[in-house]
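Letter by letter, the chains look like this.
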Amino acid sequence: MDACPFGPGSIMGETNMFDLNECIKKWRVGLAQSQSLGKKDIDELEGHLREEIDHLKESKLSDEEAFLVATHRLGDSVCIAEEYAKIDYGHIFRRRFFWAVVGVLVYLLLTYSATAVEKICILIGGMGGVSVIGLWLIGLVSRVAIVITVFYFCCRIYRQNSNNCKLIGANRFVRYGNLMIAIFIILFAIAINRIIFPIMASRILDIRDYGLVATSSSFAKLLWSIFLPVLLVVLLKKLHKPDDLYEVGT
Amino acid sequence: MAASATPLILSILSEGENYGYAIIKRVHDLSGGQMQWTDGMLYPVLHRLEKQKLIQSKWRESKTGRRRKYYKIKKTGTKMLREQRNQWMLVHSVLDRLWEKQTCLI
């Protein structure tokens, strides 16, 4: 049951370098798994644990013994988590809802922006006198390029394992600022897609050619609709995992 | 956790601001070691009392540099404590009379 690999009493009597911080970190992981405790709650309990350990060490207990006694006195992690869950903290649900909204916003942002970029490329090609087939290719290539770029940045974020809060904004003002920027970009992209592009494209292409160019867009959009949600779900699941709960305090 | 947890915690906090670990130690000392709570169970109670707006909390750095969450009783908490105290005294006096009667009969 002990989450700590540095268990009591090694077989041959060799000293098993007991790492207190490592054990406390594993203990935190155990608490965090229930998801009914926030980081501050776990910090508070860790503070209590450390004070108890210090108190026990005064009675000449070793690090290991103090840790075992203190965690035993604190109680079973599962029971503690159950008690916290009973308090019916709204913040757990609010947190999940918040991340769901972030996911939807990011999806919209990327989708509309991608379509806008594709359409701008087609317009530029059209104004440069590229043939219809060429425009069809431009549409497809720009989409693929966007997919690769998005994928690349997502891999970087995934590998960096950065604090999820840093991505959306460290404090409330930055977050609202980012939200405003995101909404602005979405609206701007919609304007390009629905207003600017149709008007300008009708001047460059006739209706049949427009239809032909649009097919590449439809095909790309189908792949995009499958690829992007999967990517975002995987990424957000990873970011949502409370890695920052595992940080050990003083 | 016992029903006595709420009035106990509120009473301790009415003596002044305090933090979790110290509250548990106070209960332990006051009861002469007879009352041993599972330490971890105190904190959900504290959080529930905070949610009911009977107490408020604030993170502060202690002299040793360790960050602690300090709890302070609010006016609503003091009022609730007074009500619970009156209830307890009432129950206590009724039981006292009953048990006095019973010891006489014995």
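Residues numbered from 1 in each chain as written. Chains lettered and ligands numbered in written order. Predicted model: local features only at pLDDT ≥ 70, side-chain atom pairs only at ≥ 80, totals over all residues. Heavy atoms only, no water.

Draft legend 1. Representation of helix H1 (residues 20–32) of chain A in the model. Residues and elements named next belong to chain A. Across its 13 residues, H1 extends 18 Å between first and last C-alpha, which sits within 8% of the 18 Å expected from 1.5 Å per residue. The complete set of buried residues in H1 reads Leu20, Cys23, Ile24, Trp27, Arg28, Leu31 and Ala32. In this structure, the buried residues of H1 make contact with helix H2 (39–58), helix H3 (63–74) and helix H4 (77–86). Two to three positions downstream of the cap, the backbone nitrogen of asparagine 21 sits 3.2 Å from a side-chain oxygen, assigning the N-cap of H1 to aspartate 19. (Helix = DSSP H or I, 4+ residues; strand = E, 2+ residues; numbered from the N terminus. Expected span 1.5 Å × (residues − 1). Buried < 20%, exposed > 50% of the residue type's maximum accessible area, 1.4 Å probe, protein only. Contact = heavy atoms within 4.5 Å. Polar contact = N/O pair within 3.5 Å; in protein donor to acceptor, adjacent residues only side chain to side chain.)

Draft legend 2. Examining H3 of chain A more closely. Over its 12 residues, H3 of chain A runs 16 Å from end to end, which matches the ideal 16 Å to within 8%, given 1.5 Å per residue. Looking only at H3 of chain A, the buried set comprises Glu64, Ala66, Phe67, Ala70, Thr71 and Leu74 of chain A. The arc enclosing the buried residues of H3 of chain A, seen along the axis, measures out at 160 degrees, which places them on a common side. Tucked inside the fold, the buried residues of H3 of chain A contact H1, H2 and H4 of chain A together with helix H3 (39–51) of chain B. Positive phi appears at glycine 75 of chain A, one or two residues downstream of H3 of chain A, with a value of about 110 degrees. (Arc of directions from axis to C-beta.)

Draft legend 3. Representation of the sheet that holds strand E2 (residues 55–61) of chain B in the model. Residue and element names in this part refer to chain B. Spatial ordering of the open sheet is given by E1-E3-E2, a layout of 3 strands whose pairing is antiparallel. Strand pairing shows two members of the sheet lacking a second neighbour, strand E1 (18–19) and E2, which therefore form its edges. Relative to strand E3 (residues 67–73), E1 runs antiparallel, the two sharing 2 bridges. What sits directly across from tyrosine 19, in E3, is tyrosine 70. Sitting on the sheet, helix H1 (residues 5–14) touches E1, E2 and E3, and the angle it makes with E3 is about 95 degrees. (Pairing = 2+ DSSP bridges. Axes fitted to C-alpha atoms, helices over the stretch in contact; angles between N-to-C directions.)

Draft legend 4. Representation of the nonpolar core within the structure. Counting residues in each nonpolar core, the largest one holds 41 residues, and the members touching the most others are Trp27, Leu45, Leu49, Ile53 and Phe67 of chain A together with Leu46 and Ile55 of chain B. Elements represented by at least two residues in this core include exactly H1, H2, H3 and H4 of chain A together with H1, helix H2 (20–30), H3 and E3 of chain B. Those residues in contact with phenylalanine 67 of chain A that lie beyond four places of it in its chain are Phe18, Leu20, Cys23, Ile24, Trp27, Leu49 and Ile53 of chain A. (Core = buried A, V, L, I, M, F, W, Y, C linked by side-chain atoms within 4.5 Å.)

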